[in-house]
Amino acid sequence: MHRHEHHRDQTLDELRDALSAGFWDERYGGADRVWSGRPNQRLVEQVADLTPGTALDVACGEGGDAVWLAKQGWRVTAVDVSEVALGKLAAHAEDEGVGDRIKVGFYDALADPRPAGRHTFDLVTVSFLHVPLPDFPAIYRGIARAVAPGGRLLVTAHHPDDVTTGARHDHGPGLMFEPDRVLTTLGADRPDGAWEVEVADTPVREQATPEGPLLVRDTVVRLRRRT
Ligand SMILES: C[S@@+](CC[C@H](N)C(=O)[O-])C[C@H]1O[C@@H](n2cnc3c(N)ncnc32)[C@H](O)[C@@H]1O
């Protein structure tokens, strides 16, 4: 059975350390890809019915999502705290023939929660950026500000159920989150607010592991900014 041992909760400083350039540059520093290079299933599902325009991929990593979006016709800006990851992404984009459709940029969510200054996009997507609870509102509000009127915000994350089922451990309480946290943080739970809730779901998928397939649950939120 795939079950993680209990880990002690980490302090806020330790959790923030795991959001630093040094931590992620080291993680991405090896010769191989850390992630699969393929796009996230939830992104593929949620973008299928959208007309390509401008997209911002926040915490893009090596760019499986960004490269896929570019191939679908989106003009992509991809940002991350790890310059090492951004370098790999740029190389991957060139290899795939979409280098001219993707711009990369440095973004440290803890230093400035707005990922692209004053620029706005038709689609802002953020996959698996888990931040300490006290930092969540500023970071996710900052990310949401990059959505243009009529544009979409897509948030994909690990659901906290995965800790109780033993599918993965959570180093500190609150890193993983349910759709509600996104909705209440952005005021999308208010019918007269700035956002229309298009998707707020917690679907399960099968993930391959060395021990065999594992069922994991995602948080998927897709919002449209009202014009
Ligand atoms: C779990 S990975 C997800 C990568 C990618 N979105 C994906 O789904 O494959 C989390 C990403 O967040 C980035 N990250 C971590 N801390 C960050 C920060 N303070 N600001 C911006 N990005 C950060 C990491 O470099 C890493 O690429």
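What you see is a predicted model, and the numbers here were worked out from it, not measured in a lab.

### Brief notes about the overall build of the chain
So, point 1. Of the regular secondary structure elements, the chain holds 8 helices and 8 strands.
So, point 2. Relative to the globule expectation of 17 Å for 227 residues, the C-alpha radius of gyration of the chain, 17 Å, shows essentially globular dimensions.
So, point 3. Dimensions of the chain, computed from C-alpha atoms along their principal axes, come out at roughly 45 × 45 × 35 Å.
So, point 4. Here the chain, with 227 residues, has 48% of them falling under the buried criterion.
So, point 5. Nonlocal contacts in the chain, meaning residues at least 24 apart in sequence, comprise 70% of its contacts between residues at least 6 apart.

### A look at the UniProt feature "domain: Methyltransferase" (unreviewed entry) in the chain
So, point 1. When the UniProt feature table is mapped onto this chain, "domain: Methyltransferase" (unreviewed entry) is found at residues 56–151.
So, point 2. Spanning residues 56–151, this segment combines 31% helix with 27% strand, and its end C-alpha atoms are found 11 Å apart.

### Some remarks on the site of the ligand
So, point 1. Around the ligand, the structure places 16 residues, and the nearest of them are Leu 19, Tyr 28, Asn 40, Ala 59 and Asp 80.
So, point 2. A distance of 2.9 Å is found between a nitrogen atom of the ligand and a backbone nitrogen or oxygen belonging to Ala 109.
So, point 3. Contact between the ligand and Ser 127: a nitrogen atom at 2.9 Å from a main-chain N or O atom of the residue.
So, point 4. Here the ligand loses 92% of its free accessible area of 600 Å² to cover by the protein chains.
So, point 5. A breakdown of the residues in the shell around the ligand according to their chemical character gives 11 nonpolar, 3 polar and 2 charged.

### Some thoughts on the pairing of strand β4 (residues 121–127)
So, point 1. Burial within β4 is extensive, with 6 of its 7 residues counted as buried.
So, point 2. Taken together, the 4 bridges between strand β1 (residues 54–58) and β4 define a ladder with parallel strand orientation. In the strand pairing of β4, Ala 55 is matched with Leu 123.
So, point 3. Pairing between β4 and strand β5 (residues 147–158): 6 bridges, direction parallel. Bridge pairing links Ser 127 to Thr 156 in β5.

### Quick word on unusual backbone geometry
So, point 1. Not every positive phi belongs to a glycine, and Ala 59 is a case in point at roughly 60°.
So, point 2. Residue placement: Ala 59 occurs in the loop between β1 and α4 (64–71).
So, point 3. Unlike most non-glycine residues, Phe 128 shows phi in positive territory, near 60°.
So, point 4. Along the chain, the position of Phe 128 falls in the loop between β4 and α6 (136–144).

### Concerning the side chain of Thr 77
So, point 1. With respect to the element layout, Thr 77 can be found in strand β2 (residues 75–80).
So, point 2. Excluding residues that lie within four positions of it along the chain, Thr 77 makes contacts with Ala 55, Leu 56, Asp 57, Lys 103 and Phe 121.

### Some thoughts on the packing of aromatic side chains
The geometry of two aromatic rings is summed up by the distance between their centres and the angle between their planes.
So, point 1. This structure, assessed with the given rule, holds 5 aromatic pairs.
So, point 2. Look at Phe 136 and Phe 177: their rings are 4.9 Å apart centre to centre, the planes differ by 65°, and that puts the pair in the edge-to-face class. Of this pair, Phe 136 sits in helix α6 while Phe 177 sits in the loop between α7 (161–164) and α8 (179–186), and the two are 41 residues apart along the sequence. One exposure class covers both Phe 136 and Phe 177, and it is buried.
So, point 3. Taking the centre distance of 5.7 Å and the plane angle of 70° together, the rings of Tyr 140 and Phe 177 count as edge-to-face. Taken together, the residues Tyr 140 in helix α6 and Phe 177 in the loop between α7 and α8 connect sequence positions 37 residues apart.
So, point 4. For Phe 177, a relative accessible area of 1% puts it in the buried group.
So, point 5. Members of the aromatic cluster, joined through ring pairs, are Phe 23, Trp 24 and Tyr 28.
So, point 6. Above the ring of Phe 136, the side-chain terminus of Arg 181 is found at 5.0 Å from the ring centroid.

### Observations regarding the environment of Val 131
So, point 1. Here Val 131 is to be found in the loop between β4 and α6.
So, point 2. On the basis of relative accessibility, which here comes to 0%, the residue Val 131 falls in the buried class.
So, point 3. In this structure, the C-alpha to C-alpha distance between Val 131 and Leu 15, residues 116 residues apart in sequence, is 7.7 Å.
So, point 4. Once residues within four sequence positions are removed from consideration, Val 131 is found in contact with Leu 19, Phe 136, Ile 139, Tyr 140, Gly 174 and Leu 175.

Rules of the game
- Residues numbered from 1 in each chain as written.
- Predicted model: local features only at pLDDT ≥ 70, side-chain atom pairs only at ≥ 80, totals over all residues.
- Heavy atoms only, no water.
- Helix = DSSP H or I, 4+ residues; strand = E, 2+ residues; numbered from the N terminus.
- Rg over C-alpha atoms; globule rule 2.2 N^0.38 Å.
- Buried < 20%, exposed > 50% of the residue type's maximum accessible area, 1.4 Å probe, protein only.
- Contact = heavy atoms within 4.5 Å.
- UniProt positions renumbered as here; feature names shortened; annotations may be inferred.
- Near = heavy atom within 4 Å.
- Polar contact = N/O pair within 3.5 Å; in protein donor to acceptor, adjacent residues only side chain to side chain.
- Areas by Shrake-Rupley, 256 points an atom, 1.4 Å probe, with all protein chains shown as cover.
- Nonpolar A, V, L, I, M, F, W, Y, C, P; charged D, E, K, R; others polar.
- Pairing = 2+ DSSP bridges.
- Phe/Tyr/Trp six-rings, centres within 6.5 Å; stacked < 30°, edge-to-face > 60°.
- Lys NZ or Arg CZ within 6 Å of the ring centre and 35° of its normal.

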